[in-house]
Amino acid sequence: MARAPGRSRRGPARSALLHGTLILASLIAIGPIVWVLLSSLKPGYAIQSSELTLFRDTTLANYGYVLTETNFPRWFLNSVIVAAFTMTIGIFLSATTGYAVSRFNFPGRRPLMMVFLVTQMFPVAILIVPIYTIMARLGLINTMPALIIAYLTIAVPFCAWMLKGYFDSIPTSLDEAAALDGCGPFATFWRVVLPLARPAVAVTAFYTFLTAWGEVAYASAFIQTDDKFTLAYGLQQFVPQFNPQWEYLTAAAVLVTVPAGLVFFFAQKHLVSGLTAGGTKG
Amino acid sequence: MTTVTADPAPPSTPPGRSARPSRLRRSWEKHWYAWAMVLPVVIVLAVLIFYPLFRGIWLSFTNLTEANQAAEICIRSITGSEVCNDNPNKWEFVGLDNYVRVLTGEVGEFWQWTGTTLIWTLVCVACHFGLGLGLATMLNRPMRLRGLYRVLLILPWAVPAFVSAFAWKFIFNERFGLANALLSAVGIDPVSWFADRWTSLLTAIVTNIWLGVPFMMVALLGGMQTIPSELYEAAEIDGASAWQRFTNITLPGLRPVSMTVVLLGTIWTFNMFPIIFLVTEGQPAGQSEILVTGAYRAAFEGIRNYSLASTYGVLILSILLVFSVFYRRALRKQGEVW
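Residues numbered from 1 in each chain as written. Chains lettered and ligands numbered in written order. Predicted model: local features only at pLDDT ≥ 70, side-chain atom pairs only at ≥ 80, totals over all residues. Heavy atoms only, no water.

**Points about the overall build of chain A**
Part 1: Summing up its helical and strand segments, chain A has 13 helices and zero strands in all.
Part 2: For chain A, the N- to C-terminal ordering of α and β elements is α-α-α-α-α-α-α-α-α-α-α-α-α.
Part 3: Along the longest, intermediate and shortest principal axes, the C-alpha atoms of chain A span 70 × 70 × 30 Å.
Part 4: Counting across all 282 residues of chain A, residues that qualify as buried make up 57%.
Part 5: Taking as baseline every contact in chain A between residues at least 6 positions apart, the subset at least 24 positions apart corresponds to 74%.
Part 6: For chain A, the exposed surface amounts to about 11500 Å²; the carbon and sulfur share of it is 67%.
Part 7: Charged side chains of chain A number 18 positive and 11 negative; the gap between the two group centres comes to 15 Å. (Helix = DSSP H or I, 4+ residues; strand = E, 2+ residues; numbered from the N terminus. Buried < 20%, exposed > 50% of the residue type's maximum accessible area, 1.4 Å probe, protein only. Contact = heavy atoms within 4.5 Å. Areas by Shrake-Rupley, 256 points an atom, 1.4 Å probe, with all protein chains shown as cover. Lys, Arg positive; Asp, Glu negative; His and termini not counted. Charge placed at Lys NZ, Arg CZ, Asp CG, Glu CD.)

**Brief notes about the overall build of chain B**
Part 1: Per the secondary structure count, chain B includes 12 helices and two strands.
Part 2: Starting at the N terminus, the α and β elements of chain B follow one another as α-β-β-α-α-α-α-α-α-α-α-α-α-α.
Part 3: The proportion of buried residues among the 338 residues of chain B is 50%.
Part 4: For chain B, the share of sequence-separated contacts (at least 6 apart) that also reach a separation of at least 24 residues comes to 68%.
Part 5: Working note: accessible area of chain B is about 16300 Å², and carbon and sulfur atoms make up 65% of it.

**Brief notes about the pattern of salt bridges**
Residue and element names in this part refer to chain A.
Part 1: A complete count under the given rule lists five salt bridges over all chains for this structure.
Part 2: Close ionic contact of Arg 103 with Asp 175 constitutes a salt bridge, the shortest N to O distance being 2.9 Å. Here Arg 103, found in helix α4 (residues 72–103), pairs with Asp 175, found in helix α8 (residues 172–180); they are 72 residues apart in sequence, far enough to count as distant. Asp 175 carries the same exposure label as Arg 103, and that label is buried. (Salt bridge = Lys/Arg side-chain N within 4 Å of Asp/Glu carboxyl O.)

**Comments concerning a nonpolar patch on the surface**
Residues and elements named next belong to chain A.
Part 1: Residues Val 258, Leu 262, Phe 265 and Phe 266 make up a contiguous nonpolar surface patch of roughly 460 Å² in combined accessible area.
Part 2: Within the fold, Phe 265 resides in helix α13 (residues 246–281).
Part 3: What makes Phe 265 exposed here is its relative accessible area of 56%. (Patch = residues over 30% accessible without salt bridge, like charges linked within 9 Å, V, L, I, M, F, W, Y side chains within 5 Å.)

**Remarks on the packing of aromatic side chains**
Part 1: Per the stated rule, a full pass over the model turns up 35 aromatic pairs over all chains.
Part 2: Judged by centre distance (5.1 Å) and plane angle (75°), the ring pair of Phe 158 of chain A and Trp 268 of chain B falls under edge-to-face. Taken together, the residues Phe 158 of chain A in helix α7 (residues 144–168) and Trp 268 of chain B in helix α9 (residues 242–270) connect one chain to another.
Part 3: Judged by relative accessible area, Trp 268 of chain B falls into the partly exposed class, the value being 24%.
Part 4: Plain terms: the ring middles of Tyr 218 of chain A and Phe 222 of chain A are 5.4 Å apart, the flat faces sit at 45° to each other, and that makes the pair tilted. (Phe/Tyr/Trp six-rings, centres within 6.5 Å; stacked < 30°, edge-to-face > 60°.)

**Observations concerning the packing of helix α5 (residues 109–119) of chain A against α7 of chain A**
Residues and elements named next belong to chain A.
Part 1: Running from amino to carboxyl end, α5 crosses α7 at an angle of 125°, the nearest separation of the two axes being 8 Å. Taken as axis vectors, α5 and α7 run oblique relative to one another. Regarding α5 and α7, the two cross each other, and that crossing is left-handed. For the pair α5 and α7, the contacting residues are Arg 109, Met 113, Phe 116, Leu 117 and Thr 119 in the first and Pro 157, Ala 160, Trp 161 and Lys 164 in the second.
Part 2: Partitioning the contact of α5 with α7 into residue classes produces six nonpolar, one polar and two charged. (Axes fitted to C-alpha atoms, helices over the stretch in contact; angles between N-to-C directions. Parallel < 35°, antiparallel > 145°, perpendicular 65-115°, else oblique. Left-handed = near helix turned anticlockwise from the far one by under 90°. Nonpolar A, V, L, I, M, F, W, Y, C, P; charged D, E, K, R; others polar.)

**Section: the confidence of the model for chain A**
Part 1: Chain-level pLDDT for chain A is 81 on average; 91% of the residues reach the 70-or-more range.
Part 2: In this model, residues 1–8 of chain A is a region of pLDDT below 50 whose contacts with residues beyond four sequence positions or in other chains number 10 contacts. (pLDDT = per-residue confidence, 0-100.)

**Looking at the interface of chain B and chain A**
Part 1: Contact residues are listed per partner, giving 109 residues for chain B and 109 residues for chain A.
Part 2: Counting each side, the surface lost to burial between chain B and chain A is near 9600 Å², with a carbon and sulfur contribution of 76%.
Part 3: Per-residue buried area on chain B facing chain A is highest for Met 37, Phe 162 and Phe 170 of chain B; these three make up 8% of the total on that side.
Part 4: Linking chain B with chain A are zero salt bridges, by the criterion used here.
Part 5: Here chain B is connected to chain A by five residue pairs in polar contact (both at pLDDT 80 or more).
Part 6: Looking at which element gives the most residues to the side of chain B that touches chain A, the answer is helix α1 (residues 20–59) of chain B, with 25 residues. (Buried area = accessible area lost by both parts, 1.4 Å probe. Polar contact = N/O pair within 3.5 Å; in protein donor to acceptor, adjacent residues only side chain to side chain.)

**What about the nonpolar core?**
Part 1: Residues Ile 128, Tyr 218, Phe 222 and Leu 235 of chain A together with Phe 162 of chain B are the most contacted members of the largest nonpolar core, which totals 189 residues.
Part 2: The contact partners of Phe 162 of chain B, leaving out residues within four places of it in the chain, are Trp 213, Gly 214, Val 216, Leu 231, Ala 232, Leu 235 and Val 256 of chain A together with Leu 278 of chain B. (Core = buried A, V, L, I, M, F, W, Y, C linked by side-chain atoms within 4.5 Å.)

**A look at the side chain of Thr 119 of chain A**
Part 1: Secondary-structure assignment places Thr 119 of chain A in helix α5.
Part 2: Here Phe 116 of chain A takes part through its backbone oxygen, which lies 2.7 Å from a polar atom of the side chain of Thr 119 of chain A.
Part 3: Sequence-distant contacts of Thr 119 of chain A, defined by excluding residues within four places in its chain, comprise Pro 157 of chain A together with Leu 45 and Ile 49 of chain B.

What follows is the structure in structure tokens.
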């Protein structure tokens, strides 16, 4: 397309304004992250001083302490297990559901879509007590399956809804062609449609992972012993009402953000395209 | 919520009512794989959302707490044998008592919490949408470093909410936080953020805005990229200014996306738990609590008052349902079909 790039028509003043605003916004976006990172490299007395410094007595001691002297590695492992299972099961469940809702006009399709939307409204406050009772009756309190199941109920409806939107944008003629080649509905889904939906699946994976990685309410309510904590609850141990240990908290926060950042890095390419289809066609 | 999709949507009511068994059978033969695909989700939703929901509604009509939940009270005697008797104060159906007590303010701070929740939701969603729209518009133009800006601006999304909450609580620390240090640097006295209801709420709102803008930005940016560029070209040829193009092409083109994200954003923010729970912790003295965190504290702190928490839950759900119904109706009036 022979469209002149907008850059050439923008005067220097407007260009400076545009970049200035974006730089400011970027600084605000990464500022808190950088600040926590810098703080995690300072000893406790330097953090708790009213003097503002970027670097002071730089040390990795906080990381050493968190990794060796606390239960942090255990919590980390617990979170990885919970998030990985939630992500895998969640993607599988929401992809098949999203596909069925997108392609087949079966009785019960519209109510199901409504249910997906309505479940977004259910506050944790009304569900948490009955789910707690169910888990207690099944003997799942203080176990990881309790958390995995609870997180699936949060993630699956939204993801199915989003994936449905994306599947809608994949031409049905592909399905028909696959059917002519002798693929059943399951094979069509698995071999033809799912590979095409990779961007949306990436977004779904990202969303489910972060849901499980960062959820606080269920983790605080269902898990009772120190060795079963996930990070979301475990980290609260570093900042009790009195004598909070910010140096360890900041180090732990950095360590927690790294895996989420990695997942994010792999998903971000697809975020825009994946979310668009989900958003517009939902 | 569906727009026109590719599938040819045959009417679901078949013509002949008399042919019932064969109709069921045909329906099964035609749709069994669709049902098989949605079955796991339906089961999970039924067991873990709808059963708990109805049980929660039922509990809100009882006086169940941690103290009276046991059906029997067992006392171990000196000899080691256990004697069990029926619990005389067993929990029971109390009708609308919980609602009356909550709504009249006898228990908790329902009206104050509702007010706080409304302010919290309104401010957060307005800022999310406004800032997200602004940033998306800027990022939608061709320019240098666009990719870098985009990655940097999305970054807060990659940080788990509880980590962000801790980070901002750290920044708003009264003695050594970054916020007060910056204020002193420009000659303003440090603020005791968590000592006042409004500054306390402000810290949580700032945190949540920081956290939520990337989602809005990405969703709106995606929406903008679906608007055909021919529209802009035509408008430019007709001599429309940038602002006119924005209000006459971008905004209408974004309607479907914005309607969805505003509704979802409102619901999510209304029910946003970790930020208030971890950043303000309700300080001072529970004054910055929103409905969800207040209900959580009723259920899991002190003597766990399960029935009271469920009552709050039902009230929260009712507010959101009423909101969604009005929202949908408003949309339908403007010709938006769901």
